[in-house]
Structures are given as structure tokens and as C-alpha cells.
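Structural description and commentary
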Amino acid sequence: MLGKLTIDALPFYSGIVMGGALITVFGALAVVALITWLRQWRYLWTEWLTSLDHKKIGIMYVTLALIMLVRGFIDAMMMRIQQAVALDSHGYLSADHFHQIYTSHATIMVFFVAMPFLVGLFNVVVPQQIGARRMAFPFMNSVSLWLTGSGAALVLISLVIGKFSAAGWSAYPPYSEAAFSPGVGVDYWIWAILVSGVGSMLIGINFLVTIVKRRAPGMRLMMMPLFTWAALCTSILMLFAFPALIVAAALLGLDRYFGMHFFTNGDGGNIMNYINLFWMWGHPEIYILLLPAFGVYSEVVATFSGKQLFGYESLVYATAAIPVLLFGVWLHHFFTMGASPDVNAFFGRIAPLVAVPTGVTIFDWLFTMYRGRVQYSVPMLFTLGFIVTFIIGGMTGVLLAVAPVAVMHNTTFLVAHFHNMMIPGALFGYLAGYQYWFPKASGFRLAEHWGRWAFWALIVGFYLAFVPLYILGFMGMPQRVERYYVADWQPYLIVAEFGALFILCGISFLAIQLVVSIRDRAALAVSTGDPWNGRTLEWATASPPAVYNFAVAPHVHGIDAWWAMKQAGRSGNRAIRFHDMIMPDNSSAGVVLGAMSFVFGFAMVWQIWWLAAVGGLGIFAAMLSQTLRDPAVHRIPASEVEAIENRRSSATEVEAIENRRIQVHTLAPGVPT
Amino acid sequence: MSDAAITVGRGKDTEAEEAQRAIGEKAYGFWIYLMSDAIIFALLFATFAVMSHNTADGLGGHTLFRLPHTIAQTMLLLASSATFGFASIAIAAGQCRRTLAWLSATFLLGLGFVAMEISEFYGMVAAGTGPSRSGFLSAFFTLVATHGTQVSVGLVGIVLLGCEVALRGLNPYVASRLYRLGLFWYFLVMVWIGIFSVVYLPRIL
């Protein structure tokens, strides 16, 4: 009846796990209770959960990412504490528990923090940057969100019911095979990956079609903002790369569920095949995470330098060249695994080539700032912090790509390197984008003061946490050890632990910033819609934008379309006549589909076949209810559009003067005016 | 890209224009989906190629595969792509009953294909050469069954859209869904040609 699920699945075996489980459960209950107490269920359901508005979907993605960031960071803290104390002792975590945390930290950070964060930013910004009224496939967008959400929920519930995988985020066989990992942990990993992986493929299709088909009149490809370019290249990467992950995880699942022999030790299995498939996705995935951040940096640098981007075309070509090169370098993730010298030589020569387009982007950003009037706003701080820190990461990456020094593979040098890519490279970019576009999505800015504190805590924390790991890598410390016997390592690990504390402060400051900004939202309001004197079309809409984004479709004649409109004095012009808008209706099918995929995934993990059938039929029914129906749309009458636009322009006039005053004071304290 | 391809926003939208545009975008999106699906198959083909000699001292394809059976399957599927083609002509001409007739023929041929595949699998599993016997057989069953499962999904699609044609006639939405189903069907026929030539033929001849 309940498959493998018994009462033993509850974490009575360990106080620490029980604590984590209770926090997860009570956290969820507290949210439910709060919403009930505030009587906001109906509002939440009609305005948010069932919404097909890309801006709201984007905000929900980012919210998911921020919540999961906290969980993933707690995992990181626990590992840092363990390694700081576990010299010649067991520390406070069992080996199995440590490896579960190790796996869930990476799985959460990659799939349920970075992915939803970048997709959320795409959703809020890209349609507005290209002057579109909506995504090409609004319902599919909602499905992607809820698939990602249900994947995240599977990882979260694994803490409460059963255990998570201890096989690392890459789940290498043979250890991840049923013979060595007989529990449900790896199955949780597989289903979380499959469910959210399908969501990512759908996202790729959606943004590719939207960007190709829904650009404003006159906007050629070579006029698109860099962030949109990044979204386009990322979408293509998702479409090409995610099939490999889905195949790898599915074949591993077939081995585990049906006793097949894809990656087993005996009976004709081939372990290397898994590792090839995994990194065919894995290496492009790194740039799926990085390219959107690069896009953010391009926008931020241009806006806060008050200049058009230097070398727009070279930036576009670099952004497009990176995905092409990427599919020839995956093998550098396993130089040490016994491929022939010729194969290693080929990949060893291609891999450093990726540094060329990456270098081009860095120089373009530097030259954009050169002789610009640089404003040290919070997004700009994150960008500058990124440029300096990312160069270190890039150089250590070239070092790792050199096959003869592959002895450093699998040491903490590698850990430090990819965190150097992921924290200053990706996370700083998302946070810069979050600070930069927050007023666009919400209608008020984030408090500068706390943003600065967050930035400094995060960057100092980053260096303190990861420079010791670079050093430890040279000293030969392997990654992923839960205890060790080399006394020389401990001082560095303690420093790294302090670094993690700084990062904790940084995350806390971000939380405080959000609370303070919501409290002071009246003072921070930006109803002009253009708080930073922006250059690209998303700043032409109201903040928060009307559901249809643009009352009148903008005509584009070059890059930095909004800047050109402002220069030509066409920014404030109002349409003489408004037209009806046709917008998609809300749909609950996306939420239902996500919930049903969670039920399906959970049932498959525990092999409760009847429940899996229920979940599968539920997914099918939800899909059918939407696809076998003509698109449900509603019409927003021209009079209502006019009323919305009138409200906006009267608010704009009042606040335009006010805002200019605030800008001078808060944005450029050091700049003589 | 020419300006002609940029179609957004003449200001005033009508439901009909919006619907027409959505249909075009769905066709484009479906092509892109098929590309991802093609990559999934490409990786399964590559996996099969890597594992094709890993029989773990068990039987190989030479003894397991039967040429007449596979040829018959191939013929069924090729014929079904022809009948779907006739259905497309009927759809373009707006003829409901002929559309239904050709869709039914496609369905029966596809069903025959899936039934033959199931009987082949059943025979192999009963003879102790199931997917858990060796890496070679795991790769064989997974590649062929992934294709067979998608053909079955296509069959369900034919039933659903057939019902819709019967109940509502051929409106533009139904026609566009049938167009995408057709793409899916031809795609699967092409994948089968790959399976026939890479998996079966070298081991039979």
C-alpha cells in the first residue's frame, strides 16, 4: 500500500536531522497559518499562483530562489562548521549525514537557487526589453514555474521523510547505483532533477520563441539589449544541454528501478558513459548560470556609466561564441578518469579557448566605464566586485583546464574555483539584477544603505571563505572530506568558517534590506518607472508595469531604444488613441500540474505505484484541460487602458522632480554635481 | 532577419489576429521542441552504440532480432506516415469525414506497430533476454521503447484530436493541433528509420 514508506522514514535516528525536519515542517505551517490569518488565500490564488503574467511569474521564481538560497546556505554553514572542528575527531555530523548535506547544498544551489533566480529575472525583464506584451506561451511559463517548485519541494521533503542522496550532486555511478546506495536518497535526486529539468527545457523553448517572434517593430537582432541576448543564448543552451541531463538521470533511474546495466560495474555497464552524459549537460550548465549574469553586468555598466556599451557587437559575438565553444570542452571535468592522451589533449586545447570571448566581455565593460560618469550604486558595486574577483576565478579555471596539472582535480582548489565562478560570477550578477530591476517589478527601490552592507559582507566573506580553499588545494586537501588528520589544514578551515559567517551577515542584510524597503516603500517609490535613467525599453513601462506592459508598441531604431526616445523627447508622449488589449486568462492548470508532478515524483521515490498512477493521471488531466481548449483570453477595453495610463502620467509628473532630487543624493554621493 | 519577420504591435489587436499569431508561434515552438527530442534520441543512439558489444556473455542482436518482424513494423510505420499525409490533405481541404477516415487508418497502422513491438519485447523478456540481462539489452530496450512510448503518445493524440474533429469540426485551432501532431508523427517515423538502420539492420544482415 505504501511501497517502501514506513515509519522508519521519519528522522528519529538523529537529533540534528530531526531539528532540520521540524524547522522545515513548522516553517511551512507558519506560512500557511499566516496566510490564513491574513485571509489572503483568495488573493494569493487569483492574483499570483494562477497568474500567467510573466512579471508575476518572475517574482514568484525569484521568491523561490531566495527561500532556497537560505536552505542551501544553511547546508554550507553546517559543512564549514564540521570541517572546522573535525580534526582527528568525528565532528558533530555522521559521514552519511555530511554527504547528504554536501549533495543537497549543491543540488539546491544549482537547480533551485541559480536556475529560478535567472529564469525569474528573464521573466520580469526580457519581454519588456523587447517591447512585448506577453510571453509567447504564457501557460507553459506557469507550468515551468510549478515544475521547478515541485522539484524544490521534493528536495525539501527529503529532509523530513527519508534521506537525500549522499552521492554528490553529480551522482556518479557506481556509488549512486542501487548496489551501493540502496535507500531512496538517489531516487529523490533523480526525480527532483527530472521534474525541474523538464521545466527548464520548456523555459528554453518559451524564451527562444518569445525573443524571435515578439520583438517590437523595428528591433532587429543586433538592436537587442545584451540581457536579452544572454537570455537567447541561455535558452539555446538549455535546449541543447538539458536533454543530456534528462537522459543521464533517466538511465540511472532505469538501472535503479529495473535492474538495468547502463552504469553498473558488471554485466556490460559503462560508468564513463554516465560521466560523459552528465558533463555534456554540466559544462554548458555553468554558462547557463553565467551568461544571464553577464547580461545583467552589461546593462548595469551601461546605465551607471551613462554611456552606450563599448563594443556592443563584440559583446554580442562573445556571448554567442561562448555556447558554441562550450560543447567542445566537457571532458575537462574528468581529465583524471583515464581517457586516452589524444582525447585529453584535444579537450585540453579547446578548454582554455573559452577564456577568449570571456576576456572580450571583461574588456568591453572596462572600456564602457572608461571616461564614463560612473555611479557607485549597489548594482554597480556588485558588478565591480564581480570583475575583480571573476578574473581570479577565470585564471584558476585556465589552470584547471591544463591537463598536465590535473592533479589538482578533486581537491579543494576545484571547490574554490567553481565557487569563484558561481558566487561572484553568477550570484553577484543575479543580486545586481535583483537590486537593479526591483523598482521595475515593485514600484519602489531597495534601500541603498543595506544593499551596500550586504555587498561588502558578501565579498569579504567570499574571499575569506574561498582563498583558504585555494591554498588547501595546493596543500593536497581533497574535496568532500567529513574528517581529516592533517593538523596543518585546520587553521585555513577555521578562516573559511569565518568567511561563511560574513556571508551569513550578507544574506541577513539582504533580508533586512527587503523588510526595511517594504516598510519605507512610500519614500522609495518610483512611479516614473525609470529610477536609474535607464537605456533599454523595460524602463519605458510603468513601475510596476501594467499587465499589458506597453499601451502602445514602441518603435525601435537602434540599440538603447529608450535612451534614444528620451533624447528625442518622445519619452513622455501619450497615445492619442488607445486600443483594446487581448490578454490570456489566468489558469489553475499550471499549479495543479505542478502539484501532481510532486505527487508523482514522491510516489515514484517510495514506489507507491497506485499513487504514482494518480499523479500521472493528474498531470495528464491538467495538461489536457488547457491544451484541448482554444486559448482563453479576455479583452481589456480601451477605456480601461486609458484610465490606467492617465493615472500613470499624473503620478509621473508629481514624482519626476522629487525623484531627480533623490537620485542626486543617494546615487552619487562621491560625484561632484 | 528582415523587418518583414517582425510582426509585433500594429497597435490594435483583434482576437482573430492574436489567434493566428499564436498558432504560428506554436508551430515554431514545436519545431524547437522536436529539436530537443532529437537530441534525446541522439544521446540514446550514442549510448546504444557505446554499449552495443557489452552483451555480458549473453545473446547478441544476431540471434535476437528477426528480419521479417522488423520489416513488417517498418512497413506499418511508413504506411502510417503516408496515411497521415492524406489526412493533412483532407485537413487543408476542410473535409471532416475524410480527415477522420485517414486519421483512423493512421491510428490502426500505428497501433499495429506498437502491438508488434510489445510482442517482440514480450518474447525477448520471456526468453530471459530482458533489459536487465546486459548493458547491450538495456540500451536496446531503452532506445526502442522510448520511441515506442512516443508513438503511443501520438496514438493518444490521434484519438483525442479525432474526437475533437468529430465533435467540433475543423476549426483553425484543431487544424493547428493536427499540424503539430503530424510533425511529431513524421519525426517519429524518421527516428524509426534510424533505429532500423543502426540497431536492427547491421545485426540481421
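The structure reproduced in this document is the subject of the present report.

**Comments concerning the overall build of chain A**
On a plain count of helices and strands, chain A comes out with 19 helices and two strands. Taken against the 2.2 N^0.38 rule, which gives 26 Å for 673 residues, the C-alpha radius of gyration of chain A at 25 Å falls within 12% of a compact globule. Principal axes of the C-alpha set define a box for chain A whose edges measure 75 × 55 × 50 Å. Across the 673 residues that make up chain A, the buried fraction comes to 60%.

**A word on the interface of chain B and chain A**
Each side of the interface is counted separately: chain B has 46 residues, and chain A has 49 residues. Interface area, chain B with chain A, both sides summed: about 4,200 Å², of which 64% is carbon and sulfur. At the surface where chain B touches chain A, the tally comes to three salt bridges. A salt bridge links arginine 134 of chain A to glutamate 18 of chain B; its shortest N-O distance comes to 2.8 Å. If you look at where chain B meets chain A, you find seven residue pairs in polar contact (both at pLDDT 80 or more). A total of 18 residues in the side of chain B that touches chain A trace back to one element, the largest contributor, which is helix H1 (residues 15–51) of chain B.

**Focus: the packing of helix H13 (residues 412–442) of chain A against helix H14 (residues 448–474) of chain A**
Residue and element names in this part refer to chain A. The N-to-C vectors of H13 and H14 enclose an angle of 160°; their axes lie 7 Å apart at closest approach. Here H13 is positioned roughly antiparallel relative to H14, judged by the angle of their axes. Here H13 and H14 pass one another in a crossing that is left-handed. When H13 is examined against H14, the residues Thr412, Phe413, Val415, Ala416, His417, His419, Asn420, Ile423, Pro424, Phe428 and Leu431 are found in contact with a partner set consisting of Phe455, Leu458, Ile459, Phe462, Phe466, Leu469, Tyr470, Leu472, Gly473 and Phe474. Each residue belonging to the contact of H13 with H14 can be placed in one class, and the counts come to 16 nonpolar, five polar and no charged.

**Things to note about the side chain of serine 104 of chain A**
Residues and elements named next belong to chain A. Its location among the elements puts serine 104 in helix H4 (residues 95–129). By relative accessible area, which is 3% here, serine 104 ends up buried. At a separation of 2.9 Å, a polar atom in the side chain of serine 104 contacts the side chain of aspartate 75. The contacts of serine 104, once residues within four sequence positions are left out, are Arg71, Asp75 and Phe164.

**Remarks on helix H17 (residues 589–606) of chain A**
Each α-helix turn comprises 3.6 residues. Residues three or four places apart therefore point the same way. Residues and elements named next belong to chain A. Here H17 contains 18 residues, and its C-alpha end-to-end distance of 26 Å stays within 8% of the 26 Å for a straight helix at 1.5 Å per residue. Among all positions of H17, only Ala589, Gly590, Val591, Leu593, Gly594, Ser597, Gly601, Phe602, Ala603, Met604, Val605 and Trp606 are buried. Looking at the buried residues of H17, the elements they touch are helix H2 (41–49), helix H5 (138–157), helix H6 (185–213), helix H7 (226–258) and helix H18 (609–627). Of the residues flanking the end of H17, it is glutamine 607, one or two places downstream, whose phi is positive at about 55°.

**With respect to a nonpolar patch on the surface**
All names here are of chain B. A cluster of nonpolar residues, Leu67, Ile71, Met75, Leu78, Ile193 and Leu205, forms a patch on the protein surface that exposes about 520 Å² of accessible area. Tracing the backbone through its elements, the reader meets leucine 67 in helix H3 (residues 67–92). The exposure class of leucine 67 is partly exposed, given its relative accessible area of 31%.

**What about the environment of aspartate 585 of chain A?**
Residues and elements named next belong to chain A. Inspection of the secondary structure assignment puts aspartate 585 in the loop between strand E1 (581–584) and H17. With relative accessibility at 27%, the residue aspartate 585 sits in the partly exposed group. Along the chain, aspartate 585 and asparagine 206 lie 379 residues apart, while their C-alpha atoms are 18 Å from each other. When sequence neighbours within four positions are dropped, the list of residues in contact with aspartate 585 reads Leu52, Ala632, Val633 and His634.

**So, the state of the cysteines**
Summed over the entire model, instances satisfying the criterion amount to zero disulfides over all chains. For the unlinked cysteine cysteine 96 of chain B, the closest cysteine sulfur is that of cysteine 163 of chain B, found at 13 Å.

**Examining the pattern of salt bridges**
Scanning the model with the defined rule gives 17 salt bridges over all chains in all. In this structure, the salt-bridge partner of glutamate 164 of chain B is arginine 168 of chain B, at a minimum N-O distance of 2.9 Å. Of this pair, glutamate 164 of chain B and arginine 168 of chain B both sit in helix H5 (residues 135–168), separated by four residues, roughly a single helical turn. The exposure class assigned to arginine 168 of chain B is partly exposed, which follows from its relative accessible area of 40%. Each member of the salt-bridge network shares a partner with another, and the members are Arg134 and Arg214 of chain A together with Glu18, Arg21 and Glu25 of chain B.

**Considering the environment of valine 50 of chain B**
Residues and elements named next belong to chain B. When you line up the elements, valine 50 lands in helix H1. Exposure remark for valine 50: the relative accessible area of 40% places this residue in the partly exposed category. In sequence terms valine 50 and alanine 139 are 89 residues apart; their C-alpha atoms lie 9.1 Å from each other.

**Things to note about the packing of aromatic side chains**
Inspection of every chain in the model, using the stated rule, returns 64 aromatic pairs over all chains. Centre to centre, the rings of phenylalanine 413 of chain A and phenylalanine 474 of chain A are 5.1 Å apart; their planes meet at 65°, and the pair counts as edge-to-face. Of this pair, phenylalanine 413 of chain A sits in helix H13 while phenylalanine 474 of chain A sits in helix H14; the two residues are 61 residues apart in sequence, bridging distant segments of the chain. Of the residues examined, phenylalanine 413 of chain A reaches a relative accessible area of 1% and is grouped as buried. A cation over a ring is seen here: lysine 56 of chain A above tryptophan 48 of chain A, with NZ or CZ 5.5 Å from the ring centre. Across from the ring centre of tyrosine 28 of chain B, 5.0 Å away, lies the NZ or CZ of lysine 213 of chain A, which sits over that ring.

Parameters and conventions
Residues numbered from 1 in each chain as written. Chains lettered and ligands numbered in written order. Predicted model: local features only at pLDDT ≥ 70, side-chain atom pairs only at ≥ 80, totals over all residues. Heavy atoms only, no water. Helix = DSSP H or I, 4+ residues; strand = E, 2+ residues; numbered from the N terminus. Rg over C-alpha atoms; globule rule 2.2 N^0.38 Å. Buried < 20%, exposed > 50% of the residue type's maximum accessible area, 1.4 Å probe, protein only. Contact = heavy atoms within 4.5 Å. Buried area = accessible area lost by both parts, 1.4 Å probe. Salt bridge = Lys/Arg side-chain N within 4 Å of Asp/Glu carboxyl O. Polar contact = N/O pair within 3.5 Å; in protein donor to acceptor, adjacent residues only side chain to side chain. Axes fitted to C-alpha atoms, helices over the stretch in contact; angles between N-to-C directions. Parallel < 35°, antiparallel > 145°, perpendicular 65-115°, else oblique. Left-handed = near helix turned anticlockwise from the far one by under 90°. Nonpolar A, V, L, I, M, F, W, Y, C, P; charged D, E, K, R; others polar. Expected span 1.5 Å × (residues − 1). Patch = residues over 30% accessible without salt bridge, like charges linked within 9 Å, V, L, I, M, F, W, Y side chains within 5 Å. Areas by Shrake-Rupley, 256 points an atom, 1.4 Å probe, with all protein chains shown as cover. Disulfide = S-S within 2.5 Å. Phe/Tyr/Trp six-rings, centres within 6.5 Å; stacked < 30°, edge-to-face > 60°. Lys NZ or Arg CZ within 6 Å of the ring centre and 35° of its normal.

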